[in-house]
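Observations on the model geometry
Now for the letters of each chain:
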Amino acid sequence: MKIILSCKNVKKYFGALAALNGVDIDIREGLFNLIIGPNGSGKTTLINVIAGFYNTDEGKIIYEDRDITKLPPHERFKLGLVRTFQIPVPFLKLTVLENLLTAARDNPGEKFIYAPIKRFWKNKEEEAYETALRILSIVNLYNLKDSPSYALSGGQLKLLEVARVLMCNAKFIMMDEPAAGINPTLAHEIFTYLKSLVKELKITLLVIEHRLDLALPYADYAYAMSNGKIISEGKPEEVLNDQKVIESYLGK
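Values in this document were obtained by computation on a predicted structure and should not be read as measured data.

About the criteria used
Residues numbered from 1 in each chain as written. Predicted model: local features only at pLDDT ≥ 70, side-chain atom pairs only at ≥ 80, totals over all residues. Heavy atoms only, no water. Pairing = 2+ DSSP bridges. Helix = DSSP H or I, 4+ residues; strand = E, 2+ residues; numbered from the N terminus. Axes fitted to C-alpha atoms, helices over the stretch in contact; angles between N-to-C directions. Contact = heavy atoms within 4.5 Å. Buried < 20%, exposed > 50% of the residue type's maximum accessible area, 1.4 Å probe, protein only.

1. Structural notes on the sheet that holds strand β6 (residues 81-83)
Pairing in this open sheet of six strands is mixed, and the strands run β6-β7-β8-β3-β9-β10 from one edge to the other. Looking along the sheet, the strands with just one partner apiece sit at the ends: β6 and β10 (229-234). Strand-to-strand, the axes of this sheet are offset by a mean angle of 20 degrees, without reference to chain direction. One ladder, built from four bridges, connects strand β3 (residues 32-36) with strand β8 (residues 204-208); its direction is parallel. The residue bridging N33 from the neighbouring strand is L206, located in β8. Taken strand by strand, helix α6 (residues 184-201) contacts β3, β7 (172-176) and β8, and its axis lies near 130 degrees from that of β3.

What follows is the structure in structure tokens.
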């Protein structure tokens, strides 16, 4: 299976602390990839480095055979590499549908020179509208399309965050604890939709999650981190039963 992203000996320091201490990871395309590990193992720092929010101190990041180590976050975003956060921050006074439309890219109507001339942007607007409706159907928010986003539940806000990312034509999505702060029923719903997105839209997911009982059944492949390194990888159940992983959680 094709490798879509690789980190090669990636290191990141915060003062004397080595948050990433030589990470080597190859992430396969079109899979639900899960990162696990105890607090402080470097998981969030890793996705922040991949997204470009932190610069690497050493090592390389290769995305679709291109060295992106020095690219700023907005350039990585243009390549389809997107990161979401634990706490969704939608435009609260906009409807669910309007939130998606704000994420549509390359709309000529947003350019001063074209905005007054409808024929330059009409087709693009209609295309964005239809795409938004299709995405809302996929994540089961279609019936809420005209609701203000502040009226959504915590789980629905996380689905809206996923929908906005899809509206940006993302190909590689990183998520930091999508099940945090929501009940198990909604968490399973979110993971079910994420799994379907991987299959239907051929995207790649890299998900950090502490609630392993909820996330593991949906993952195709797992990586375990400890002390800023990848210490195990493979099928989720194999990684979870790896003695090195067990010891990292127990602090031995």
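2. Some details on the side chain of E161
Here E161 shows up in helix α5 (residues 154-167). The buried category is assigned to E161, whose relative accessible area is 12%. Once residues within four sequence positions are removed from consideration, E161 is found in contact with T84, F85, P88 and V89.

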